[in-house]
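Architecture and fold: a report
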Amino acid sequence: MNADDEILSVKNVYKVFGQQPGAAIKMLEEGKTKEDVFQETGQVIGVFDATFSVKRGEIFVIMGLSGSGKSTMVRLFNRLIEPTSGSIFLKGKEITGLTDKGLLDVRRKDMSMVFQSFALMPHMTVLDNAAFGLEVSGVVEEERCARAREALSQVGLAGHEYSYPHQLSGGMQQRVGLARALTNDPTILLMDEAFSALDPLIRTEMQDELLRLQKEQQRTIIFISHDLDEAIRIGDRIAIMEGGCVVQIGTPQEILNNPATPYVESFFKSVDSSKVLRAGDVACMDADIVVHHQQTPTQTPPSIPYAYMMDDQQQFMGIIDNSRPDGSGKALTLLPSDIETIAFDTPLHELLGLSASLPYPLPVLNADGTLNGTISRQSLLQSLSRH
């Protein structure tokens, strides 16, 4: 990862709850488990030797079972709890050694947090709740109200400024909490199990809302979750924690294809791989079926039923169909307007019916129109059967 892409960096961070952190860390380094340490010393390991970076503009999901350390981790970022040892850097500046004033500035300007509980003030209007953080920061009323209105509009609550929390549904209340976090225009948005208290349909709606906002604003979001489906749906990358350790980090596709431990593998065992893997993950580029646009169809070996034409810039131009010669015995040329092409990021489950209905392997295109590769019926089924 390029250093310029890093917005948050964690270096060898430990968090031990108890009075003998040094003894606990030494036991961990000797190979003892989190349970061993607790049994022998009474010390609780929250986070053990965490090292990773978060990229600018990504949704980075930290997930694990209860007690894995995920919520402890997110509270270390804004120092709601202090690390026992190690360093945390924000935009290249270490924040673990900040003074109280410096830390307050970070919390006000660089990090906003959305909690599982909506944490709204019941006696305040929606507008006042959204503007509350700015009021605490000393922002004048006119500016904070304008910024709060804008944030409420962003999350779909325009017109509800003077409602009270009890008048809103759970999903709408969480939107207020999200708007309150957005009013500060934070460098990083921290979301700790933000949607887990919501009903399933509203939860999906809020995930959609977050993805919509992310597409428009490209914020850096660190999202804590215990729900694998949620992590896969919203996360650009996922960090999986077990017993206070970060055991694997990667895209959903990378983790599904190459789980680092049996624990990670078991986590992903029930995942529908057709919804995780994308066309670009399984597309194959076979040089034998690619022809230059200056070649004629008769230069394509008859043993190859379908060949894929590209121009000098590798742009996809069409398919040469050797399986159905015309009246003169020449191969047919299918133009892109007559062909079903697939974007490289299309989920595999969307290809099943299409692959079954078309005679030719599906051409998969990159975002710039170049040919990524092709997916045959056989390769599609083989990819899904491996998971």
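None of these values were measured; they are calculated from a predicted model.

1. As for the environment of Glu6
One can find Glu6 in strand 1 (residues 6-17). Its relative accessible area of 23% is what places Glu6 among the partly exposed residues. In this structure, the C-alpha to C-alpha distance between Glu6 and Gly92, residues 86 residues apart in sequence, is 8.1 Å. A distance of 3.4 Å separates a polar atom in the side chain of Glu6 from a polar atom in the side chain of Ser53.

2. Points about the packing of helix 1 (residues 21-29) against helix 2 (residues 34-41)
Orientation of helix 1 relative to helix 2, taken along the N-to-C sense of each, is 140°, at an axis distance of 10 Å. As judged from the angle between their axes, helix 1 and helix 2 are oblique. Where helix 1 crosses over helix 2, the two elements pack in a sense that is right-handed. Residue-level contacts link Ala24, Met27 and Leu28 of helix 1 to Lys34, Asp36, Val37, Glu40 and Thr41 of helix 2. Here the contact of helix 1 with helix 2 is built from residues that sort into four nonpolar, one polar and three charged.

3. Focus on the sheet that holds strand 3 (residues 59-63)
Strand order in the open sheet formed by six strands is 6-7-8-3-9-10, with mixed pairing between adjacent strands. In this open sheet, the two strands that pair with only one neighbour each are strand 6 (111-114) and strand 10 (245-250). Averaged over neighbouring strand pairs, the angle between their axes works out to 20° when direction is ignored. Bridge count for strand 7 (residues 188-192) against strand 8 (residues 220-225) is five bridges, and the pairing is parallel. Looking at the pairing, Ile188 lines up with Thr220 of strand 8. In the packing of helix 8 (residues 170-182) onto the sheet, contacts are made with strand 6 and strand 7, and the angle to strand 6 comes to roughly 175°.

4. A closer look at helix 3 (residues 70-77)
Within helix 3, six of the eight residues are buried, which leaves the element mostly enclosed by the surrounding structure. The set of residues buried in helix 3 consists of Lys70, Thr72, Met73, Val74, Leu76 and Phe77.

5. A look at the packing of aromatic side chains
For the structure shown, the criterion picks out seven aromatic pairs. Aromatic pair Phe52 and Phe77: ring centres 6.3 Å apart, planes at 75°, arrangement edge-to-face. Of the two residues, Phe52 is situated in strand 2 (residues 44-55) and Phe77 in helix 3; the sequence distance between them amounts to 25 residues. Here Phe52 and Phe77 have matching classes, each one buried. Ring geometry for Tyr306 against Tyr360: centres 6.1 Å apart, planes inclined by 65°, an arrangement best described as edge-to-face. Residue Tyr306 is located in strand 12 (residues 306-310), and its partner Tyr360 is located in the loop between helix 14 (352-357) and strand 16 (362-365); the two are separated by 54 residues in the primary sequence.

6. Quick look at the sheet that holds strand 15 (residues 342-343)
Strand order in the open sheet made by the three strands is 15-16-17, with mixed pairing throughout. Every interior strand has two partners, whereas the edge strands, strand 15 and strand 17 (371-375), have only one. By the bridge criterion, two bridges tie strand 15 to strand 16 in an arrangement that is parallel. When the sheet's bridge partners are listed, Ile342 is paired in strand 16 with Val364.

7. Observations concerning a nonpolar patch on the surface
Together, Phe17, Phe38 and Val44 give the surface a local cluster of nonpolar side chains, amounting to about 250 Å² of exposed area. In this structure Phe17 comes out as partly exposed when scored by relative accessible area, which is 34%.

8. Points about the nonpolar core
Judged by nonpolar contacts, the single largest core of 71 residues is most densely connected at Leu178, Met191, Phe223, Ile240 and Phe268. The greatest single-element share of this core, amounting to five residues, is contributed by helix 8. Setting aside its immediate chain neighbours within four residues, Met191 contacts Val114, Leu178, Leu210, Ile221, Ile222, Phe223 and Ile224. Counting 27 residues, the second largest nonpolar core, distinct from the first, contains Leu8, Phe52, Leu90 and Ala239.

9. A closer look at helix 1
Note on helix geometry: an α-helix contains 3.6 residues per turn, so any two residues three or four positions apart are oriented the same way. Those residues of helix 1 that sit buried are Ala24, Ile25, Met27 and Leu28. Within helix 1, the buried residues cover an arc of 160° as seen down the axis, which keeps them to one side. Of the exposed residues in helix 1, those oriented more than 90 degrees away from the buried face are Gly22, Lys26 and Glu29. Here the buried face of helix 1 lies against strand 1, helix 2, strand 2 and strand 4 (85-90). At the C-terminal side of helix 1, Gly31 shows a positive phi close to 100°.

10. Brief notes about the UniProt feature "domain: ABC transporter" (unreviewed entry) in the protein
Taken from the UniProt record, the annotation "domain: ABC transporter" (unreviewed entry) applies to residues 32-268. Here residues 32-268 runs as 43% helix and 22% strand, with 26 Å between its end C-alpha atoms.

Here is what the cut-offs are and how they apply
- Residues numbered from 1 in each chain as written.
- Predicted model: local features only at pLDDT ≥ 70, side-chain atom pairs only at ≥ 80, totals over all residues.
- Heavy atoms only, no water.
- Helix = DSSP H or I, 4+ residues; strand = E, 2+ residues; numbered from the N terminus.
- Buried < 20%, exposed > 50% of the residue type's maximum accessible area, 1.4 Å probe, protein only.
- Polar contact = N/O pair within 3.5 Å; in protein donor to acceptor, adjacent residues only side chain to side chain.
- Axes fitted to C-alpha atoms, helices over the stretch in contact; angles between N-to-C directions.
- Parallel < 35°, antiparallel > 145°, perpendicular 65-115°, else oblique.
- Left-handed = near helix turned anticlockwise from the far one by under 90°.
- Contact = heavy atoms within 4.5 Å.
- Nonpolar A, V, L, I, M, F, W, Y, C, P; charged D, E, K, R; others polar.
- Pairing = 2+ DSSP bridges.
- Phe/Tyr/Trp six-rings, centres within 6.5 Å; stacked < 30°, edge-to-face > 60°.
- Patch = residues over 30% accessible without salt bridge, like charges linked within 9 Å, V, L, I, M, F, W, Y side chains within 5 Å.
- Areas by Shrake-Rupley, 256 points an atom, 1.4 Å probe, with all protein chains shown as cover.
- Salt bridge = Lys/Arg side-chain N within 4 Å of Asp/Glu carboxyl O.
- Core = buried A, V, L, I, M, F, W, Y, C linked by side-chain atoms within 4.5 Å.
- Arc of directions from axis to C-beta.
- UniProt positions renumbered as here; feature names shortened; annotations may be inferred.

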